[in-house]
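Observations on chain architecture
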Amino acid sequence: MFDKITLLLRFVGLLGCLLWTASGLMAQNGIHVTSFQRMETDITARVTAPERDQNGEVCALLRIVTTDMDFMFEPDALGVVSRKNKTGEIWLYIPRGARRISIMHPRYGVLRNYFYPDIIESATVYELVLGAGEGEETASADANMQLLVMRPEPATADIYIDEEKMPVENGLFTATMKKGTHTYRVEAPMYASESGVIELEDKQVMLSVSLIPRFGYLEIFSLPEQDAEVYVDNELVGKTPYRSDRMPLRDYRVEVKKKQFFPQDTLLTLLPGKATSHTFQMVSTVKPKKPLDVLVMLEGAYQPGQLSYGAMVGIAGTHGGYVRFRSDFGSVSADLECDETGALTDEQGTPFYKEGVKHRARMSVTAGYLFRLAKPLYGYVGAGYGSKTLAWETIADEMVKNADASAEGVAAELGLIGRFGRFALSLGCQTISFKCLEPSVGIGVFF
């Protein structure tokens, strides 16, 4: 789409150039050079009425034959030393080496950049016969001259014809020049220059010269936030969103910086006449708080001759916590106690027990610290209250608590939890008053 718009604009510009040139040609038909010649025997410039330029050198004399004294003249960079209006002539004293002149009239328009068909030498007289107005006289214009029109792109480019810098007005250069071969060169800052040869023959020449850009642009953006500082080759140039002015074609080190974000940099290469765009994805130095997962786990624990079951509910993250309940859902009530041998602790002897009849009860409530060790692995450590009761039944149907195999008080635990997606497996152990050790395993789900 962009290329189509560019082509359309160039077409409109070229059309305007042609219309302007056509109107210029119509105006130039009002002023024409009938003849131009060197006056070899005329000694006015060197003997009769010589004048010197600012360098003290004798000027050449251009005798312009016309009866209309309203003509005005615009010389090249060397200028005009003086003008004298004579009967039927206008005398212009010009420095040696002059190349061209523009001729203007309030009624007949402009003959722009008329190139002298002869070399202008010091102390020499030249005759230029002017014609003006529409009519047959136009056909008598010097047949050895031809019109050249050049349109440079960019319009501010400098044009050199035969190594002489030419005036460019409104993006156009027009001149009436001697037929034959001429060299040209078009150049502009940050563009590749172009040179060639122009052949002026029977037809006027209209030439458009588009220079290749030797510059590009940088466009820098940053996400998720803008207003980041942009450094080009370690020099602060602005903030995002950033677009540079014209830059020479080469590689540039581009860096963006912003508080609470990590600095980033990259190497970008500019392309001719185009904008090289790059978007930096900024990474914050402030770690976002990760949402905590809820872990629900069912467990089983084992002691010799006794199984217990429980559940754990935890808040899992880098740091978290949990609560756990475990029980065998049994209940034992005993009024008597004995030691491991069965002897009563109140020194009342040893009762007779029913062989193999044992009663157990297990319960614990704990809470603790749940933390991430590595990405798939968590650890936990906690404490709380726990009890374990073992009772023997006597033949008299009395319950006797085995004090050596029972415990009550502080419960301590630790373990590991492995995470596999949404699922979890655990392995741990718990002790009550450090009198028994109970390993456990569990399976759970993260929500």
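My aim in this report is to walk through the structure given alongside it, one point at a time.

What about the overall build of the protein?
- Of the regular secondary structure elements, the protein holds two helices and 35 strands.
- The C-alpha radius of gyration computed for the protein amounts to 53 Å, which surpasses the reference 22 Å derived for 447 residues by more than 25%, pointing to a less compact arrangement than a globule.
- Looking at the 447 residues of the protein, the share that counts as buried comes to 41%.
- Within the protein, contacts between residues at least 6 apart in sequence are counted, and of these 60% link residues at least 24 apart.
- As presented, the protein carries roughly 24,600 Å² of accessible surface, and 57% of it is formed by carbon and sulfur atoms.
- Charge separation in the protein, taken as the distance between the mean sites of 46 positive and 56 negative side-chain charges, equals 0 Å.

Side note on the environment of glycine 384
- By the element assignment, glycine 384 lies in strand 31 (residues 377-394).
- Sequence separation of glycine 384 and alanine 411 is 27 residues, and the distance between their C-alpha atoms is 5.0 Å.
- Setting aside residues up to four positions removed in sequence, glycine 384 forms contacts with Val365, Thr366, Gly409, Val410 and Ala411.

As for the pattern of salt bridges
- By the definition in use, this model includes 27 salt bridges.
- With its nearest N and O atoms 2.4 Å apart, the salt bridge here joins aspartate 42 to arginine 63. Residue aspartate 42 is located in the loop between strand 1 (31-39) and helix 2 (44-48), and its partner arginine 63 is located in strand 2 (residues 60-65); the two are separated by 21 residues in the primary sequence.
- What makes arginine 63 buried here is its relative accessible area of 17%.

Here's the deal with the nonpolar core
- Leu62, Tyr114 and Tyr116 are the most contacted members of the largest nonpolar core, which has 22 residues in total.
- Mapped onto this core, the elements with two or more residues apiece are strand 1, strand 2, strand 5 (89-94), strand 6 (100-105), strand 7 (109-115) and strand 8 (125-132).

Section: empty space enclosed by the protein
- Using the criterion set out here, one finds one cavity of 30 Å³ or more in the structure.
- Its volume calculated, the largest cavity comes out at about 80 Å³.
- Along the wall of the largest cavity there are 10 residues; nearest its centre are Arg112, Asn113, Pro167, Glu169 and Leu172.
- Looking at the lining of the largest cavity, the elements that each hand over two or more residues are strand 7 and strand 12 (173-178).
- In the lining of the largest cavity, the residues fall into four nonpolar, three polar and three charged.

Regarding the side chain of serine 440
- Assignment of secondary structure puts serine 440 in strand 35 (residues 437-446).
- In terms of polar contacts, serine 440 uses its side chain to reach the side chain of arginine 326, at 3.4 Å.
- Apart from the residues within four sequence positions on either side, serine 440 is in contact with Gly300, Ala301, Arg326, Ser426, Leu427, Gly428 and Cys429.

Quick look at the pairing of strand 2
- With respect to burial, strand 2 is a largely interior element, five of its six residues being buried.
- Where strand 2 lies against strand 5, six bridges are found, and the strand directions are antiparallel. In the sheet register, alanine 60 faces strand 5, and the bridge partner there is isoleucine 94.

Section: the packing of aromatic side chains
- Counted according to the given criterion, the structure contains eight aromatic pairs.
- The interplanar angle of 70° and the centroid separation of 5.4 Å between the aromatic rings of tyrosine 322 and tyrosine 380 together place this pair among those described as edge-to-face. A residue pair is termed long-range when its members are at least 10 positions apart, and tyrosine 322 in strand 28 (residues 319-327) and tyrosine 380 in strand 31 qualify at 58 residues.
- Taking the relative accessible area as the measure of exposure, tyrosine 322 reaches 4% and is therefore buried.
- One aromatic cluster is present, built from ring pairs that chain together Phe36, Tyr116 and Tyr126.
- Of note, arginine 419 hangs over the ring of phenylalanine 446, and the distance from its end group to the ring centre comes to 4.0 Å.

Topic: the sheet that holds strand 2
- One open sheet accounts for five strands, arranged 1-8-2-5-4; its pairing is mixed. Where the open sheet ends on each side, the last strands, each with one partner, are strand 1 and strand 4 (82-86). Strand-to-strand twist in this sheet, taken as the mean axis angle between neighbours without regard to direction, amounts to 20°.

Concerning the sheet that holds strand 24 (residues 264-269)
- Here we have four strands laid out as an open sheet, ordered 20-19-23-24, and antiparallel in their pairing. Of all strands in the sheet, those with a lone pairing partner are strand 20 (235-239) and strand 24, marking the two edges. Taken over all neighbouring pairs, the strand axes of this sheet differ in orientation by 30° on average, direction set aside.
- The pairing of strand 19 (residues 229-232) with strand 23 (residues 251-257) spans four bridges and is antiparallel. Within strand 23, the position partnered with valine 232 by the bridge is valine 254.

Brief notes about unusual backbone geometry
- A cis amide bond, omega 15°, links glutamate 153 with the succeeding residue proline 154.
- Inspection of the secondary structure puts proline 154 in the loop between strand 9 (145-153) and strand 10 (158-161).
- Note the cis peptide between leucine 223 and proline 224, where omega equals 10°.
- Structurally, proline 224 can be placed in the loop between strand 18 (215-223) and strand 19.
- Despite not being glycine, serine 433 has its phi angle at roughly 55°, a positive value.
- With respect to the secondary-structure elements, serine 433 resides in the loop between strand 34 (423-432) and strand 35.
- Unusually for a residue other than glycine, phenylalanine 434 sits at a positive phi of about 60°.

About the cut-offs
Residues numbered from 1 in each chain as written. Predicted model: local features only at pLDDT ≥ 70, side-chain atom pairs only at ≥ 80, totals over all residues. Heavy atoms only, no water. Helix = DSSP H or I, 4+ residues; strand = E, 2+ residues; numbered from the N terminus. Rg over C-alpha atoms; globule rule 2.2 N^0.38 Å. Buried < 20%, exposed > 50% of the residue type's maximum accessible area, 1.4 Å probe, protein only. Contact = heavy atoms within 4.5 Å. Areas by Shrake-Rupley, 256 points an atom, 1.4 Å probe, with all protein chains shown as cover. Lys, Arg positive; Asp, Glu negative; His and termini not counted. Charge placed at Lys NZ, Arg CZ, Asp CG, Glu CD. Salt bridge = Lys/Arg side-chain N within 4 Å of Asp/Glu carboxyl O. Core = buried A, V, L, I, M, F, W, Y, C linked by side-chain atoms within 4.5 Å. 1 Å grid on protein atoms, 1.4 Å probe; cavity = no way out; pocket = protein on both sides within 12 Å on 5 of 7 lines; lining within 4 Å. Points joined across faces, edges and corners; volume = space filled by probe spheres on them. Nonpolar A, V, L, I, M, F, W, Y, C, P; charged D, E, K, R; others polar. Polar contact = N/O pair within 3.5 Å; in protein donor to acceptor, adjacent residues only side chain to side chain. Pairing = 2+ DSSP bridges. Phe/Tyr/Trp six-rings, centres within 6.5 Å; stacked < 30°, edge-to-face > 60°. Lys NZ or Arg CZ within 6 Å of the ring centre and 35° of its normal. Axes fitted to C-alpha atoms, helices over the stretch in contact; angles between N-to-C directions.

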